[in-house]
Amino acid sequence: MTIETFDELFVHQLRDAYDAEKQHTKALQKLAKQARHEELRDAFEQHLEETQGQIERLEQIFEILEERPKGQKCRAAEGLVEEAQEIVDEIDDDQLQDAAVIAAAQALEHYEISRYGTLVAWARKMGEREVVRLLQETLREEHNADQLLNQLAEQSINEEAMAVDGEEDEEHEEEDSEEEGEEERGRGSRQASSRGQASRDQGSSRGQSARSQGSGSQGSRSQPRSAQSNRSSSGGGQARQPSSQSSGNGNKRSASSNGDLKSRSYRDAQGREHHHTRSYMRGHSGKQR
């Protein structure tokens, strides 16, 4: 339906508030059952009776305006009710659940307060005094319900819910402490293993160094024998050197003897050529060639 006048806009918003109150009634019934705190249940039951009276007042306003009582689907209230129920269903702890229930109920109350505040201002501009009076009575009840929920939350319910967080924090701290202890023991074990491995590696290095030094000492001890052998060989060569020098004359004599033994050509008395040594030639008076 197209809205063309201010009166039509007012009626449209009135129908929206009427549907919101119907949804609010069903939500309050569920929240009252889910509340664990006795005073909170009493507050919901009281406001549930007020809500029934608010619906009746809206029906009176429709009659004054000569409009048929009919609701216009309120998507905002529908979303708030669904969201409230989802949050409450996710909580098992009683103290936390009561805090969530109050938050859900106040979200609905604040929406209705804003809606009725607008309707009161518009009805006043329209000159509908009786409508203003009825709407203001409903608005006052919504404010009172919101203030009562605030008092319950601030006096005890929020503190009880926060105490649950403290208990969980202590449990988490204990779990974290145990995990840190296990990690610390694990690090200590790894460090001990690393130190043991380093000690074994260091011992192995010292053993290898000792063996290397031992091999070097044996080489140093064997070196004098080798040098002594070399010196002995060298000394023997020097000792034999005079013998070589003394045998130089003998070599000369040997060379002379070799010269005597060397073959020479000569001719005999008949003119024949012979090849004999020089000694042989002297003995036979041969003629050398």
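This text goes with the structure placed above it.
What this report covers is the structure whose coordinates are included nearby.

Cut-offs and rules
Once a new chain begins, its residue numbering starts again from 1 and follows that chain's sequence as written. Since the coordinates come from a predicted model, pLDDT governs what is reported: local features require at least 70, and pairs of side-chain atoms require 80 or more to be given and counted, while whole-chain, interface and lining totals use all residues. Excluded from the side-chain calculation are hydrogens and water; included are all heavy atoms of the structure. Think of it this way: a Phe, Tyr or Trp ring, Trp meaning its six-membered ring, pairs with another when their centres are within 6.5 Å, and the plane angle makes it stacked under 30 degrees, edge-to-face over 60, tilted otherwise. Secondary structure is summarised from DSSP: a helix means a run of H or I of at least four residues, a strand means a run of E of at least two, and numbering begins at the N terminus for each. Exposure is judged per residue with a 1.4 Å probe applied to protein chains only, and the accessible area is read against the type maximum: over 50% gives exposed, under 20% gives buried, and values in between give partly exposed. Here a cavity denotes a set of grid points, spaced 1 Å apart and computed over the protein atoms alone, in which a 1.4 Å probe fits but from which it cannot get out, and a pocket denotes an open set meeting protein on both sides within 12 Å along at least five of seven lines; residues with an atom within 4 Å of a point are reported as lining. Grid points are joined across faces, edges and corners, and a volume is the space filled by probe spheres set on the points. All amino acids are sorted into three groups, where Ala, Val, Leu, Ile, Met, Phe, Trp, Tyr, Cys and Pro are nonpolar, Asp, Glu, Lys and Arg are charged, and the leftover types, Gly among them, are polar.

### Digging into the packing of aromatic side chains
Point 1. Evaluation of the coordinates by the stated rule reveals two aromatic pairs.
Point 2. Each ring, one from Tyr-18 and one from Phe-62, has its centre 5.7 Å from the other, and the planes form 90°; the classification is edge-to-face. Of this pair, Tyr-18 sits in helix α1 (residues 6-34) while Phe-62 is found in helix α2 (residues 38-64), placing the two residues 44 residues apart along the sequence.
Point 3. Using a relative accessible area of 0% as the deciding quantity, one classes Phe-62 as buried.

### Digging into the environment of Gly-71
Point 1. Note on placement: Gly-71 falls in the loop between α2 and α3 (75-89).
Point 2. Since its relative accessible area comes to 33%, Gly-71 is described here as partly exposed.
Point 3. Distance from Gly-71 to Lys-22, taken between C-alpha atoms, is 8.7 Å for residues 49 residues apart in sequence.

### Re empty space enclosed by the protein
It is a probe the size of a water molecule, rolled over the atoms, that shows where empty space is left.
Point 1. In the structure shown here, the tally under the stated rule is one cavity of 30 Å³ or more.
Point 2. In this structure, the largest cavity encloses a volume near 40 Å³.
Point 3. Around the largest cavity, the lining residues are Ala-27, Lys-30, Leu-31, Val-81, Ala-84 and Gln-85.
Point 4. Of the residues contributing to the lining of the largest cavity, the split by class is four nonpolar, one polar and one charged.

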